[in-house]
Amino acid sequence: MTAEPLKPPAVAALLQSAAATIHAELSALAGSVLAFHPGEGEWCAKEVLGHLIECEQRGFSGRIQIILKSEGSPPLEGWDQDAVARARKDCERDWASLYHEFLQLRSASVTQVAGLLPADLARAGQHPKVGLLTVADLLHEWV
């Protein structure tokens, strides 16, 4: 059996449904649970949501945007995820505002992915640690 990569409309649908799942799961938790750190140096649920926000902006959607706006294989930046999490201070934030920020970004990402053309999937950028990343690679990892 050979599996074919998901097409952009299917990826867009999965990204949209994941946002609904994240909302359902996190909205069911008490504020104290959302801010609970399971261990020293581990993130609480609100910090995980902050990480997903950064992944939308810096990772998946952001990298696709850089690739599509550039010629050739543009450089893609990495980031220190723990340092960004500390700077964001998401554990101190209201969960609803965090989710709203995530949902706005995710909605734009869904639109972006749904509009990708077949030729866009082969376009690529150069990640400092991973090497060459195509738009198709990013879609695969995203879902």
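1. Topic: the nonpolar core
It is characteristic of soluble globular proteins that their nonpolar side chains tend to be buried jointly. With 18 residues, the main nonpolar core has I64, V113, L139 and W142 as its most contacted residues. Of all the elements in the fold, those that place two or more residues in this core are helix 1 (8-27), helix 3 (45-69), helix 5 (95-114) and helix 6 (135-142). Counting residues in hydrophobic clusters, the runner-up holds 11 residues, among them A19, L34, L98 and Y99.

2. Some points on helix 6
What helix 6 keeps buried is the set V135, L138, L139 and W142. In an axial view of helix 6, the angular spread of the buried residues amounts to 100°, which keeps them on one side of the axis. Turned more than 90 degrees away from the buried face of helix 6, the exposed residues are H140 and E141. Close packing links the buried residues of helix 6 with helix 1, helix 3, helix 5 and strand 2 (131-134).

3. Points about helix 5
Across its 20 residues, helix 5 extends 28 Å between first and last C-alpha, which sits within 8% of the 28 Å expected from 1.5 Å per residue. Regarding helix 5, the residues found buried are W95, L98, Y99, F102, R106, S109, V110, Q112 and V113. For helix 5, the angular spread of buried residues about the axis comes to 155°, placing them on one side. Exposed and facing more than 90 degrees away from the buried side of helix 5 are Q104 and T111.

Quick notes on the rules
Residues numbered from 1 in each chain as written. Predicted model: local features only at pLDDT ≥ 70, side-chain atom pairs only at ≥ 80, totals over all residues. Heavy atoms only, no water. Core = buried A, V, L, I, M, F, W, Y, C linked by side-chain atoms within 4.5 Å. Buried < 20%, exposed > 50% of the residue type's maximum accessible area, 1.4 Å probe, protein only. Helix = DSSP H or I, 4+ residues; strand = E, 2+ residues; numbered from the N terminus. Arc of directions from axis to C-beta. Contact = heavy atoms within 4.5 Å. Expected span 1.5 Å × (residues − 1).

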